[in-house]
Amino acid sequence: MSVNACFWTSTTAGTENGFNQQICATVDSSTIGDSTPLATSAQIDTLVTVTDVMWILVAGILVFWMQAGFAMLEAGSVRAKNTNNILFKNLMDASLAAITYWLLGYSFAFGTERYIYQSPGMDNRFIGAGNWALQNYNNDTDYHSFFFQWAFAGAAATIVSGCVAERCRLEAYFIYTIALTTFIYPVVAHWVWSSTGWMSAFYVDGDGNRYLKENGVLDFAGSGVVHMTGGFAGLIGAVAIGPRKYFNDPENEHKLKGSSDLLAALGVIILWMGWYGFNAGSTLGAGSGDGTYINLAAKVCVTTTIAAAMGAITCMVYSRIVKGFFDLTFCLNGVLAGLVSITAPCATVEPWASMMIGLLGAFVYIGASAGIKKLGIDDPLDAFPIHGVCGAWGVISNGIFATRSNIARTYGFENDAVIEGNQFRNQLIAVIVIAGWVSFTSSLIFFPLKYAGLLRVSEEDEEKGLDASEHGTKDVGGLPLQSMGYEKKNSSTTNV
């Protein structure tokens, strides 16, 4: 069989008349032979899977990179005499979380994702079970999931260190970090993110219904699961351990000022960068869905950016009007308030709504920060207002600003749960339950440690600085301790 083919060409380079000559040819199909596809369907599926796994690994690396951001932020926000200590805690958060989450935490969070009545299934709506120490991962295709989720667990643990900074004993902090990453956080993750968790948007019973009608709880990247858990745990720790010396003392409170605005600013920028892995990476795929996953990730990056920027701008304007000057620390916290607030709804709201969420998140942070200070709670990094309260706002905002089309695009649900108020109810239930669970279980750790005398360092060690008392350092910011008046007991405190 012969095939005629024609195409147009131009005989004059740069002609204004465009294509001015037609060329035709006749081709005998018998000379072409059998066509060979560029890739088989199986090869395309493999490429999609590899792309998804690579996306999750890179996103997990970005989330882990946030540990560097937390370290810099906290090192800049504490006094120089406690820098070594806060950096050590950040290192141990990631290290302890890696082991505890591998051994037990990941199993409690996701288990086998099969119910007890499903053989072989051990999970229930409260907690996961099975796959201990990743023993079921023997085909090398699922390790990326653990890696990504471990980075989230480590982030939740790190939040607590800011609340109890400059006066917590390391042994007590290690005990709590192990409890948080082994049990407290994994249970919340199971409720919301596992396909068998009772609040999960991915849970369905035998009749195809969710425990919380109609969509379950929508927390795309963890305003509730990660940030509320870390924030409320930190609040209980701050209450149990008590305030630092000079807290709420107008004449001497300046002595509690952090050592480096440079480090704090660097830390927030690193956190902002890592947050793109946190939020966009929660699509859990890039090649799947014929481009829908990666397009959703792109939108998530946009909503995340707008909320963070609006949080910073709101705090900038507020500080100028109310304080009379542009407060850098305040604006840095505004960025974090916007980021935490948008983490839950980043995939289900429009860009204009992300601006409103960031704006309102900044005011939520401002109000919560002032509120805990009025109550006499010392939170050196404002970790609870930023992560705990703004995390709660982020969860609730999904019940206000999420749209039907965005929920359908992200989760596949076609209903009017937001308009009818069902979604707001579910989000409010999640906030109450997560706050109650974390506060109760954290109290079982922090208060026994307090009454056993194991939670707080001595007044002398606090005054000297935890770098010296806990880590044996001989200098503060390059200056020997003796030159700063620490060679004697009960020496006067300096602003270091």
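Just so it is clear, the model here is predicted, and its values are computed rather than measured. (Residues numbered from 1 in each chain as written. Predicted model: local features only at pLDDT ≥ 70, side-chain atom pairs only at ≥ 80, totals over all residues. Heavy atoms only, no water.)

Visitor: How would you summarise the packing of helix α5 (residues 223–241) against helix α10 (residues 383–401) if you had to cite specific residues and measurements?
Guide: Contact pair α5 / α10: the axes reach a minimum separation of 7 Å and the direction vectors enclose 145°. Between α5 and α10 the crossing geometry is left-handed. Between α5 and α10, the residues in contact are Ser-223, Gly-224, His-227, Met-228, Gly-231, Phe-232 and Leu-235 and Ala-383, Phe-384, His-387, Gly-388, Gly-391, Ala-392, Gly-394 and Val-395, respectively. (Axes fitted to C-alpha atoms, helices over the stretch in contact; angles between N-to-C directions. Helix = DSSP H or I, 4+ residues; strand = E, 2+ residues; numbered from the N terminus. Left-handed = near helix turned anticlockwise from the far one by under 90°. Contact = heavy atoms within 4.5 Å.)

Visitor: Any details on the side chain of Thr-196? Residues and values, ideally.
Guide: Inspection of the secondary structure puts Thr-196 in the loop between α4 (170–193) and α5. There is a polar contact of 3.5 Å between the side chain of Thr-196 and the side chain of His-190. Here Ser-194 takes part through its side chain, which lies 3.1 Å from a polar atom of the side chain of Thr-196. (Polar contact = N/O pair within 3.5 Å; in protein donor to acceptor, adjacent residues only side chain to side chain.)

Visitor: Would you mind going over helix α9 (residues 351–374) in detail, with residue names and values included?
Guide: With 24 residues, α9 extends 35 Å between its outermost C-alpha atoms, agreeing within 8% with the 34 Å of an ideal straight helix rising 1.5 Å per residue. Ala-353, Ser-354, Ile-357, Gly-358, Gly-361, Ala-362, Tyr-365, Ile-366, Ala-368, Ser-369 and Ile-372 are the residues of α9 that are buried. For α9, the secondary structure elements touched by its buried residues are α7 (292–323), α8 (328–343) and α10. At the exit of α9 stands Gly-376, carrying a positive phi of roughly 80°. (Expected span 1.5 Å × (residues − 1). Buried < 20%, exposed > 50% of the residue type's maximum accessible area, 1.4 Å probe, protein only.)

Visitor: So, the environment of Lys-81: which residues are in play, and what are the values?
Guide: If you trace the backbone, Lys-81 turns up in the loop between α1 (41–77) and α2 (83–110). Sequence spacing of Lys-81 and Ser-259 is 178 residues, and the spatial spacing of their C-alpha atoms is 8.9 Å.

Visitor: Please give an account of the pattern of salt bridges that cites residues and values.
Guide: This model, assessed by the stated rule, comprises 12 salt bridges. Between Asp-327 and Lys-323 there is a salt bridge, and its shortest N-O distance comes to 2.8 Å. The exposure class assigned to Lys-323 is partly exposed, which follows from its relative accessible area of 37%. Ionic pairing is found between Arg-404 and Asp-416, a salt bridge with its closest N-O pair at 2.8 Å. Taken together, the residues Arg-404 in helix α11 (residues 404–411) and Asp-416 in the loop between α11 and α12 (417–420) connect sequence positions 12 residues apart. Under the relative-accessibility criterion, Asp-416 is labelled partly exposed at 28%. Through salt bridges with shared partners, a single network forms among Arg-79, Glu-166, Arg-244 and Asp-378. (Salt bridge = Lys/Arg side-chain N within 4 Å of Asp/Glu carboxyl O.)

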